[in-house]
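Descriptive analysis of the structure
So the chains spell out like this:
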Amino acid sequence: MLTKFETKSNRVKGLSFHSKRPWILASLHSGVIQLWDYRMGTLIDRFDEHDGPVRGVHFHKSQPLFVSGGDDYKIKVWNYKTCRCLFTLLGHLDYIRTVQFHHEHPWIVSASDDQTIRIWNWQSRTCISVLTGHNHYVMCASFHPKEDLVVSASLDQTVRVWDISALKKKTASPGDDMLRLSQMNTDLFGGVDAVVKYVLEGHDRGVNWAAFHPTLPLIVSGADDRQVKLWRMNDTKAWEVDTLRGHMNNVSCVMFHAKQDIIVSNSEDKSIRVWDATKRTGIQTFRREHDRFWILAAHPEMNLLAAGHDSGMIVFKLERERPAFAVSGDALFYTKDRFLRFYEFSSQKDTQVIPIRRPGSTSLNQSPRTLSYSPTENAVLICSDLDGGSYELYVIPKDSIGRGDSVPDAKRGSGGSAVFVARNRFAVLDRSSNQVLVKNLKNEIVKKGLLPFPADAIFYAGTGNLLCRSEDRVYIFDLQQRLVLGDLQTPFVKYIVWSNDMESVALLSKHAIIIASKKLVHQCTLHETIRVKSGAWDENGVFIYTTLNHIKYCLPNGDSGIIRTLDVPIYITKVSGNSIFCLDRDGKNRVIIIDATEYMFKLSLLKKRYDHVMSMIRNSQLCGQAMIAYLQQKGFPEVALHFVKDERTRFNLALESGNIQIAVASAKEIDEKDHWYRLGVEALRQGNAGIVEYAYQRTKNFERLSFLYLITGNMDKLTKMLKIAEVKNDVMGQFHNALYLGDVRERVKILENAGHLPLAYITASVHGLEDVVERLAGELGENVPSLPEGKQPSLLVPPSPVMCGGDWPLLRVMRGIFEGGLDTAGKGVEEEEEGAEGDWGEELDMVDVNGIENGDVTAILEDGEVGEEENEEEGGWDLEDLELPPEVETPRASTNARSAVFVAPTPGMPVSQIWIQKSSLAGEHAAAGNFDTAMRLLSRQLGIQNFAPLRSLFLDLHTGSHSYLRAFSSAPVLSLAVERGWSESNSPNVRGPPALVCNFSQLEEKLRAGYRATTAGKFSEALRLFTSILQTIPLIVVESRREVDEVKELIIIVKEYVLGLQMELKRREMKDNPVRQQELAAYFTHLNLQLAHQRLALLNAMTVCFKAKNLATAGNFARRLLESNPANENQAKTARQVLQASERNNTDISELNYDYRNPFVVCGATYVPIYQGQKYTTCPYCSSRFVPAQEGKLCTVCDLAVVGADASGLLCSPSQIR
């Protein structure tokens, strides 16, 4: 049993599933009816108008109605949308046991303890028929799903089947007069609407339940005699087929399963039993400890059952419905019914492949659970829970796809889970011993391995690797090295989905999704309230997954959202573009087209692919608060601006993105003090003095305006501010403005007018205004304040502005893609502002600023309307000179104003990066300073693993391709890239490849030096030179294909010399081993050397063997020496003498490991011959040969590469790549 939902409540007596929505009604013994959403696990509503237990409840198939019947003798019909009872049907005289809507007609059937069954019309709200005949409580009654029959069960030990076809005719509108007449007679003389068709007798006690089969002429009943009986009926009679025994107490409810041949019953013995309807045997039993079962309900369309018991109810499934499937490229293999099927995504062709064995055992949940596929061998592994976990291996004949008739023999075995780990190997988990067994396609164990952690399931994780699940962790385990490569703590994982490139994995548990890297490094976790069902990766690295009722997406950074809602659960198999391929619960392939705009938009933002973002904004219908909030949260307010029409939101977004133009337009629309203030703050931050001024003027913020004019050095406007303060009679404002202007006389005048004569006197005297001092001294008389002695007064005058600044000079930057590209989207704003420009001039006129309609200022300067009372009192203000010219318009925050500004050049890509991008040559990467990629290239191309000999060359290449210039003593040193083949005529924008310190001609020079040293017998010096050539070649760069061939030829030449000189030096160390000395001297003669050196080697070998009395071998060397026509007469003479001696005595004293007749090459490490036909391994770089035992070790000849490593070959010229 797979429990999907469980409630705790009073005893549940009635249950009913909704046919479309995930709802279930439960009527309780307490009189309450509960409406639950079993998918979300929430209580939606409760209805409690019944008095006493409610025993029956039923949803209508299509209307928003349900019916209930209770111990208060009432049948109530409810509308669940309006959450109220529509009407009550009265007529029964005792408890009502069951109620049910008819599937077609507007009828309700009810069964009652008053021994009757009533049929009601819920539209006319009348009882249309009473079925009498039972002589004890009627425990249940229900309509047949298709025919005009009713079945009822009663405590009188009978089950009755009633024919209600007459009732159907009666309710149909009579067509002709005869019918109408007969119907009148029936009504007058009491016709019979429903007749008993059969009475089924066979139970020994009262019958609690009877139910029809949905399609076959069968009835099942359960009674207090603890038996479940199966009955069959035909047109004329009904008879008992079989009895199912097993319950220990009264059987309370029994029913046929809609989709399978099974019967489900429950009982007061606290158990639910599942029976095979064809074999009539028990399959499975589910027990509760303390709760008796009372009622069963089946979902009309889905594979769901519900059972009510003493303390609540459970919603459950008997079997898993998820088809086992595996995706391989364009193909999907999945199981359906008894077949393995094949579906091709591109053509959407679905074919049957092979029949698979169904389990012989009768228990449930034995269908395939997982499926693993090996594409190269065309083999399928199917795992199921049969016998505690087992697998079957089918190798599909190549031609059987599409025919589906052959039955290949399956190889079977037991194991918790089995998956392919390589082309022809699969791993099986043996849970009992916690071992992984690796088997081949013949089902033979190839190797065993104990897991270092407890595991209960294994999944594929790349070739040779397994992802193992234990209780609360997952591990990646390497079968070859027996190492744990990574682990991660997770909730219990049910399914795993690898991305197409095997770089990411999604771990799906019941209510969470964990995304991790291939080494199980955690990337993000998503939690879902509704159960997660399946998922797949799309080609952009977005994980698309399904819950029971949604298709959703998860971006690489953990952001998720809903793509669409689902009616029924599906299992995603593949995502391609905006098509989702999936299997439904019936095993049918479906393609769902989705709108990927939202998640592609977010992904493009995340990956900074702004061109995509742009085109999506232009072309799509993306909008809504959620999208704006998302953009704001992710730091893209300028993008959000293009979605928003609401001015307040626009204003906030414009400020956040620093877009003053839009902010001004919105502020004008809103026109609130707070918004102008915030605009001023932002404009000040950007140094946009014009807008700051405008904002302060709109808010009448004169103090700030004055200060702004001071710091921008705008003395004219400061003078006007002084006059405005005068008009407003703002003494403090006047004084401040006079102070800012440095107007001493004005300050003295203000102090004098304000009655501060001593302060006026001091101010005048300090600033040397003698005429004023004398006048004030006269007015003060005795009270002239004394100035402190010995202090040097200093003038309080503001510094004169160096630069009367407008807006700050701003660097001209490229307009953001969103501003430039979206101008079309924001056209309205632009035009609005241009229209507004004319008004700005007038509003900025200082005169108008004072035309303030706040009621607190009476001076309106424009018309000179100053309050007349003031004029009379003070003798009037002289305001004629304030006929001020209109101010220059406030500069718009436009881009045109920035044309004359300094433009910083955009930094280009560093040359070293250009070199790397263009090249696959290790030498050029080293010159660019990117040693890491250079080493990777060498490792890939030549199998080089030992980089120590190359270190100095790497450094030389890097320093040699860069020059350094000193600019100023304080400035940093400038690095300049030196390019190969540069000339004056080169385009400055096209970068050439780096200049390299080593070239091919140097190597040729070294080769000649090596030859000279060899001839002179300076073997150590010669070996050093040749090795140095061998270790420079990997980083050499040449131009033409001809030179490439020469480089490759050079490697072969030098390799032979290095090997030969190493052997010769080794020979000289072996004074006490004459046999080995002779062998090494002999091998030296078989290397591919220059003719002169070949003769010297032969002479040397001949001498060594002759001294050791090996005359036959010495003679062979003498013969070879003479065949080479030596120019040196001494050499020829010695050779002839040795040849004569060997012909006289053609024997060897000691036996050598040397056979000159059999062609051979010399092993570069052990210096033994590898004769033709013997196995050998090669150095991927210098191509020296070695005995197989040397594989995996460092090559002793070049001292760089690993013997036997995979390598693609030497790459030393751009011409090889073109």
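Residues numbered from 1 in each chain as written. Predicted model: local features only at pLDDT ≥ 70, side-chain atom pairs only at ≥ 80, totals over all residues. Heavy atoms only, no water.

The condition is simple: UniProt positions are given in the numbering used here, feature names are shortened, and annotations may be inferred rather than shown by experiment.
Labelled according to an unreviewed UniProt entry, the protein appears under the name Coatomer subunit alpha, originating from Punica granatum. Listed in UniProt under the heading Subunit (unreviewed entry), the comment for the protein reads: "Oligomeric complex that consists of at least the alpha, beta, beta', gamma, delta, epsilon and zeta subunits."

As for a nonpolar patch on the surface
To keep things clear, this is the line we draw: Only residues whose relative accessible area exceeds 30% and that form no salt bridge are eligible for patches; like-charged ones are grouped when within 9 Å, while nonpolar side chains (Val, Leu, Ile, Met, Phe, Trp, Tyr) are grouped when within 5 Å. In these tables, accessible area is a Shrake-Rupley quantity obtained with a 1.4 Å probe, and a residue counts as shielded only by the protein chains included in the view. Definition used for salt bridges: Asp or Glu carboxyl oxygen within 4 Å of a side-chain nitrogen of Lys or Arg. Secondary structure elements are defined from DSSP: runs of H or I of at least 4 residues count as helices, runs of E of at least 2 residues count as strands, and each element is numbered from the N terminus. Each residue's exposure class comes from its accessible area (1.4 Å probe, protein chains only) as a fraction of the maximum for that residue type: buried when under 20%, exposed when over 50%, partly exposed otherwise.
On the surface, Leu965, Leu974 and Leu976 cluster together into a nonpolar patch covering about 250 Å² of accessible area. Looking at the element boundaries, Leu974 is found in strand β57 (residues 974-977). Using a relative accessible area of 45% as the deciding quantity, one classes Leu974 as partly exposed.

Here's the deal with the confidence of the model for the protein
We apply this condition: Per residue, pLDDT captures the predictor's confidence, and it can take any value from 0 to 100. Contacts between residues were defined by any pair of non-hydrogen atoms, one from each residue, lying within 4.5 Å.
Looking at the protein, the pLDDT average stands at 83 and 87% of residues meet or exceed 70. Taken together, the stretch residues 823-885 has pLDDT below 50 and engages in 87 contacts with residues farther than four places along the chain or on a different chain. Below pLDDT 50 for its whole length, residues 888-900 participates in 26 contacts with residues either more than four positions away or in separate chains.

Focus: the pairing of strand β44 (residues 483-489)
Worth spelling out the cut-off: Should DSSP find at least two bridges between two strands, the strands are regarded as paired.
Here strand β43 (residues 473-478) runs beside β44; their pairing, made up of six bridges, is antiparallel. From the neighbouring strand, Tyr475 faces β44, where its bridge partner is Asp487. Counted along the chain from β43 to the antiparallel partner β44, the turn is four residues long, and its residue Arg482 has a positive phi close to 55°.

Observations concerning the sheet that holds strand β15 (residues 149-154)
Going by this rule: Here the axes come from fitting lines to C-alpha atoms, over the contacting stretch only for helices, and the angles between their N-to-C directions go from 0 to 180 degrees.
With antiparallel pairing, four strands are arranged side by side in an open sheet as β14-β15-β16-β17. The open sheet terminates on both sides in strands that have one partner only, identified here as β14 (138-143) and β17 (195-201). Here the strands of the sheet are splayed against their neighbours by 20° on average, with no regard to which way each runs. With five bridges connecting them, β14 and β15 associate as antiparallel partners. Residue pairing in the sheet places Val138 in a bridge with Ser154 of β15.

Things to note about the packing of helix α30 (residues 1111-1123) against helix α31 (residues 1129-1144)
Condition: By definition, turning the near helix anticlockwise from the far helix through less than a right angle yields a left-handed crossing, and turning it clockwise yields a right-handed one. Throughout, the ten residues Ala, Val, Leu, Ile, Met, Phe, Trp, Tyr, Cys and Pro are labelled nonpolar, Asp, Glu, Lys and Arg are labelled charged, and all others, Gly among them, are labelled polar.
As a packed pair, α30 and α31 sit with axes 8 Å apart at the nearest point and diverge in direction by 140°. Judged by the sense of rotation from one axis to the other, the crossing of α30 with α31 is left-handed. Here Leu1111, Ala1114, Gly1115, Ala1118, Arg1119, Leu1121 and Leu1122 of α30 come into contact with α31, specifically with Gln1131, Ala1132, Ala1135, Arg1136, Val1138, Leu1139, Ala1141 and Ser1142. Residues of the contact of α30 with α31, tallied by class, amount to 10 nonpolar, three polar and two charged.

A few points about the pairing of strand β35 (residues 390-395)
Working note: regular strand, side chains alternate between the two faces of the sheet. In terms of burial, β35 is a largely internal element, five of the six residues being buried. Inspection of the sheet shows strand β34 (residues 379-384) paired to β35 by six bridges, in the antiparallel sense. By the bridge assignment, Ile382 is partnered in β35 with Glu392. Once β34 ends, the chain turns through five residues before running back antiparallel as β35, passing Asp387 with a positive phi of about 50°. Two elements, β35 and strand β36 (residues 411-414), share four bridges in a ladder whose sense is antiparallel.

Focus: the side chain of Gln435
Mapped onto the secondary structure, Gln435 falls in strand β39 (residues 435-440). In this view, Gln435 contacts Val428, Leu429, Asp430, Lys448, Gly449 and Leu450; residues no more than four positions away in its chain are not counted.

Quick look at the packing of aromatic side chains
Keep this limit in mind: Working definition: rings of Phe, Tyr and Trp (its six-membered ring) pair if their centres are within 6.5 Å, and the pair is stacked with planes under 30 degrees apart, edge-to-face with planes over 60 apart, and tilted otherwise.
Applying the stated rule across the entire model yields 33 aromatic pairs. Judged by centre distance (6.4 Å) and plane angle (45°), the rings of Tyr1154 and Tyr1156 are tilted. Judged by its relative accessible area of 11%, Tyr1154 is buried. Ring pairing ties together the aromatic residues Trp23, Phe47, Phe59, Phe66, Trp78 and Tyr80, which thus form one cluster.

Remarks on the pattern of salt bridges
Applying the stated criterion to the full structure yields 44 salt bridges. For Lys168, the salt bridge goes to Asp148, with nearest N and O atoms at 3.7 Å. In this pair, Lys168 is assigned in helix α1 (residues 165-171) and Asp148 in the loop between β14 and β15, connecting sequence segments 20 residues apart. Given the relative accessible area of 31%, Lys168 is considered partly exposed. Here Asp148 falls in the buried class, since its relative accessible area comes to 19%. For Arg469, the salt bridge goes to Asp456, with nearest N and O atoms at 2.9 Å. Placement of Arg469 in strand β42 (residues 465-469) and of Asp456 in the loop between β40 (445-450) and β41 (457-460) is noted, with a sequence separation of 13 residues between them.

Some points on unusual backbone geometry
You will see that Asp671, though not glycine, has its phi angle at about 50°, which is positive. Secondary-structure assignment places Asp671 in the loop between α8 (660-670) and α9 (673-686). For Asp671, a relative accessible area of 43% gives the class partly exposed. You will see that Asn729, though not glycine, has its phi angle at about 60°, which is positive. Its location among the elements puts Asn729 in the loop between α12 (715-727) and α13 (731-741).

Observations concerning the sheet that holds strand β5 (residues 42-47)
With antiparallel pairing, four strands are arranged side by side in an open sheet as β2-β3-β4-β5. Unpaired on one side and paired on the other, β2 (12-17) and β5 mark the two borders of the sheet. Recorded for the sheet is a direction-independent mean angle of 20° between the axes of neighbouring strands. Pairing analysis gives five bridges linking strand β4 (residues 33-37) to β5, with the strands arranged antiparallel. Paired with Asp37 across the two strands is Thr42, which belongs to β5.

Here's the deal with helix α3 (residues 597-606)
What α3 keeps buried is the set Tyr599, Phe601, Lys602, Leu603, Ser604 and Leu605. Count one or two residues on from α3 and you reach Lys608, which has phi positive near 60°.

Digging into empty space enclosed by the protein
Just so we agree on the cut-off: Only protein atoms enter the 1 Å grid, on which a cavity is a set of points fitting a 1.4 Å probe that cannot get out and a pocket is an open set with protein on both sides within 12 Å along at least 5 of 7 lines, lining residues being those with an atom within 4 Å of a point. Grid points are joined across faces, edges and corners, and a volume is the space filled by probe spheres set on the points.
Scanning the entire structure with this criterion turns up three cavities of 30 Å³ or more. Its boundaries defined by the atoms lining it, the largest cavity holds a volume of some 120 Å³. Here the lining of the largest cavity is built from residues that sort into six nonpolar, no polar and five charged.

A word on the nonpolar core
Let me state the cut-off plainly: Throughout this description, the term nonpolar core refers to a set of buried Ala, Val, Leu, Ile, Met, Phe, Trp, Tyr and Cys residues connected via side-chain atoms within 4.5 Å.
Core analysis: the largest hydrophobic core is formed by 84 residues, its most contacted members being Leu938, Phe1026, Leu1030, Ile1033, Tyr1181, Cys1182 and Cys1198. By residue number, the principal contributor to this core is helix α27 (residues 1041-1069), which donates 10 residues. The residues contacting Cys1198, other than those within four sequence positions of it, are Leu1030, Gln1031, Cys1179, Tyr1181 and Cys1182.

Describing the packing of α12 against α13
Selection rule: Here roughly perpendicular refers to angles of 65 to 115 degrees, roughly parallel to angles under 35, roughly antiparallel to angles over 145, and oblique to all remaining angles.
Contact geometry of α12 with α13 gives a least axis separation of 8 Å together with a crossing angle of 160°. Viewed along their axes, α12 and α13 adopt a mutual orientation that is roughly antiparallel. The two elements α12 and α13 cross, and the hand of that crossing is left-handed. Residues Met715, Leu718, Thr719, Met721, Leu722, Ala725 and Glu726 of α12 form the contact with α13, whose own contacting residues are Gly733, Gln734, Asn737, Ala738, Tyr740 and Leu741. Class assignment for the residues of the contact of α12 with α13 results in eight nonpolar, four polar and one charged.

Some thoughts on α9
So the rule is basically this: What a helix should span is 1.5 Å times the count of its residues minus one.
End to end, α9 covers 20 Å across 14 residues, agreeing with the expected 20 Å (1.5 Å per residue, within 8%). Where α9 is concerned, the buried positions are His675, Trp676, Leu679, Gly680, Glu682, Ala683 and Gln686. Backbone geometry just after α9 places Gly687 at a positive phi near 75°.

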